[in-house]
Amino acid sequence: QKEVEQNSGPLSVPEGAIASLNCTYSDRGSQSFFWYRQYSGKSPELIMSIYSNGDKEDGRFTAQLNKASQYVSLLIRDSQPSDSATYLCAVPHSGGYQKVTFGTGTKLQVIP
Amino acid sequence: NAGVTQTPKFQVLKTGQSMTLQCAQDMNHNSMYWYRQDPGMGLRLIYYSASEGTTDKGEVPNGYNVSRLNKREFSLRLESAAPSQTSVYFCASSEVLVTDTQYFGPGTRLTVL
C-alpha cells in the first residue's frame, strides 16, 4: 500500500459544478494534512491545511478529514476553468523520520 | 519579498558533469528541503535541513550532496550527473520542520544527456 494515494485522474467537471478530490493515507499517527495546487509547469502552492476531524472551509474550498477511515478530501465548489490543475495531498509522518509524503496528485479539468 | 528563489531555471548536462543548484529564501524560515518531481512519481524528498547547520537524507539521496550555507541558502550538488537524474527539482522552505506549510521555489528543469 502506498503511503499516500490519490486517483491520478483526469477528473473532468463542468464549470460551476463541485469537484471532489480524495486522498487516503497509511500512517495512522499523522496529525496534519495539506492540499497543494500545482499548475502545469509551475511549483506547488498551498490551498488548505487541516488538523482536526471534520470540515474546514475557506472560500470555495472545503477540506474534509476522517482520521478513523484515514482519508482526507478536498471539495471545490463553483468550479472555474482557473481551477484546472493538479492537486497534491501531503501528509507528514508521525514518527521520528521527518518527512512529508506527497501523493502523485489528481489532475482536475474544469470544462467551460 | 521574493519568497523562495532557485537558479538556474533550466540546465542541460552531459553524463558525468557536475553542477550546483542554488536556493535562497527570504522568509526567515528554519527548515529547507530539496525535492525532485518525476512523472507518475510525485514529489520525492532528496535532502532536508531542519535548521541552520544541519542536513539529513531524504528518501532518494544517492548521487546528491547538500550544503546549508546559512539560514537563507541551501544548495544541492550533483557530483557526476546521470540520465536518471533528469527531473524537475524544487527547493522549499517552512517555518518549522515537516508539520508546517512548505513554500516552493519555481523549480529547475534538469536534463542529463
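Scroll up to find the structure.
Colleague: Would you mind going over the sheet that holds strand β7 (residues 64–68) of chain B with me for this structure?
Modeller: Sheet strands pair by backbone hydrogen bonding; their relative direction is either parallel or antiparallel. Residue and element names in this part refer to chain B. Spatial strand order, β1-β3-β8-β7: 4 strands in an open sheet with antiparallel pairing. Edge positions in the sheet fall to β1 (4–7) and β7, since each of these pairs with one other strand and no more. The mean inter-strand angle of the sheet, taken between neighbouring strand axes irrespective of direction, is 15°. Relative to strand β8 (residues 74–78), strand β3 (residues 19–25) runs antiparallel, the two sharing 3 bridges. Looking across to β8, one finds that M19 is bridged to L78.

Colleague: Just to check I follow, could you spell out the state of the cysteines for this structure?
Modeller: Here, disulfide denotes a covalent bond that connects the sulfur atoms of two cysteines. Residues and elements named next belong to chain B. This structure, assessed with the given rule, holds 2 disulfides over all chains. Covalent S-S linkage joins C23 and C91, the inter-sulfur distance amounting to 1.9 Å. Where C23 bonds to C91 through sulfur, the torsion about that S-S bond is close to -70°, and the disulfide is left-handed. In this pair, C23 sits in strand β3 while C91 sits in strand β9 (residues 87–94), placing the two residues 68 residues apart along the sequence. For C91, a relative accessible area of 0% translates into the label buried.

Colleague: How should I be thinking about the sheet that holds strand β3 (residues 19–25) of chain A in this particular structure?
Modeller: Residues and elements named next belong to chain A. Overall, antiparallel pairing links the 5 strands, which are arranged β1-β3-β8-β7-β6 in an open sheet. This sheet does not close on itself; its edge strands, each paired only once, are β1 (4–6) and β6 (54–58). Within this sheet the neighbouring strands show an average axis-to-axis angle of 20°, counted without direction.

Rules used throughout
Residues numbered from 1 in each chain as written. Chains lettered and ligands numbered in written order. Predicted model: local features only at pLDDT ≥ 70, side-chain atom pairs only at ≥ 80, totals over all residues. Heavy atoms only, no water. Pairing = 2+ DSSP bridges. Helix = DSSP H or I, 4+ residues; strand = E, 2+ residues; numbered from the N terminus. Axes fitted to C-alpha atoms, helices over the stretch in contact; angles between N-to-C directions. Disulfide = S-S within 2.5 Å. Buried < 20%, exposed > 50% of the residue type's maximum accessible area, 1.4 Å probe, protein only.

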